[in-house]
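Given next are the chains, with one letter for each unit.
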Amino acid sequence: VDVFQAWCGPCKPVVNLFQKIRSEVGSNLLHFAVAEVDSIDALGKYRGQCEPVFLFYTGGELVAVVRGADAPLLQKTILEQL
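Conventions we followed
- Residues numbered from 1 in each chain as written.
- Predicted model: local features only at pLDDT ≥ 70, side-chain atom pairs only at ≥ 80, totals over all residues.
- Heavy atoms only, no water.
- Pairing = 2+ DSSP bridges.
- Helix = DSSP H or I, 4+ residues; strand = E, 2+ residues; numbered from the N terminus.
- Axes fitted to C-alpha atoms, helices over the stretch in contact; angles between N-to-C directions.
- Core = buried A, V, L, I, M, F, W, Y, C linked by side-chain atoms within 4.5 Å.
- Buried < 20%, exposed > 50% of the residue type's maximum accessible area, 1.4 Å probe, protein only.
- Phe/Tyr/Trp six-rings, centres within 6.5 Å; stacked < 30°, edge-to-face > 60°.

Per an unreviewed UniProt entry, the recorded name for the chain is TXND6 protein, and the organism is Dicrurus megarhynchus.

Chemist: Whenever I open this one, the sheet that holds strand S1 (residues 2-4) confuses me. Can you help?
Modeler: Across a sheet, strands are paired by hydrogen bonds formed along the backbone, either parallel or antiparallel in direction. Across the sheet, four strands lie side by side as S2-S1-S3-S4; this open sheet has mixed pairing. The sheet is open, and its two edges are formed by strand S2 (34-36) and strand S4 (61-67), each paired on a single side. Strand-to-strand, the axes of this sheet are offset by a mean angle of 25°, without reference to chain direction. Looking at chain direction, strand S3 (residues 53-58) and S4 are connected through six bridges and run antiparallel. Across the sheet, residue Phe54 finds its bridge partner in S4, namely Val66.

Chemist: Got a minute to help me understand the nonpolar core in this structure?
Modeler: Nonpolar side chains tend to gather and get buried jointly when the protein is soluble and globular. Counting 11 residues, the largest nonpolar core is built from Val14, Leu17, Phe18, Ile21, Leu30, Phe54, Phe56, Ala64, Val66, Leu74 and Ile78. Breaking this core down by element, the ones donating at least two residues are helix H1 (12-25), S3, S4 and helix H2 (71-81). In terms of residue count, the dominant contributor to this core is H1 (four residues). Listed in part, the seven residues of the second largest apolar core include Ala35, Val37, Leu43 and Val53.

Chemist: Help me understand the packing of aromatic side chains, please; the structure alone is not making it clear to me.
Modeler: Note on aromatic pairs: each is described by the distance of the centres and the angle between the planes. A complete count under the given rule lists two aromatic pairs for this structure. Aromatic pair Phe18 and Phe54: ring centres 6.2 Å apart, planes at 35°, arrangement tilted. Of the two residues, Phe18 sits in helix H1 while Phe54 sits in strand S3, which places them 36 residues apart along the sequence. The class for Phe18 is buried, based on a relative accessible area of 6%. Given the relative accessible area of 1%, Phe54 is considered buried.

Here it is in structure tokens:
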């Protein structure tokens, strides 16, 4: 989940990375979503940050967090979680 604030917007360059990995590993294993923190109370702790935050869930549980649009770290985290 790409967590963002409206004044900053979602991290569009990372969408391409997710799409690339998704096509490589299969569409059933990886799902990508964006969420605006001001619209979701449960994401309140991520408000006021100017960097994107990526939350990784497996089976409904948070398993990893990546702060910032660090493509190599995101790719590594995605592949480790898959």
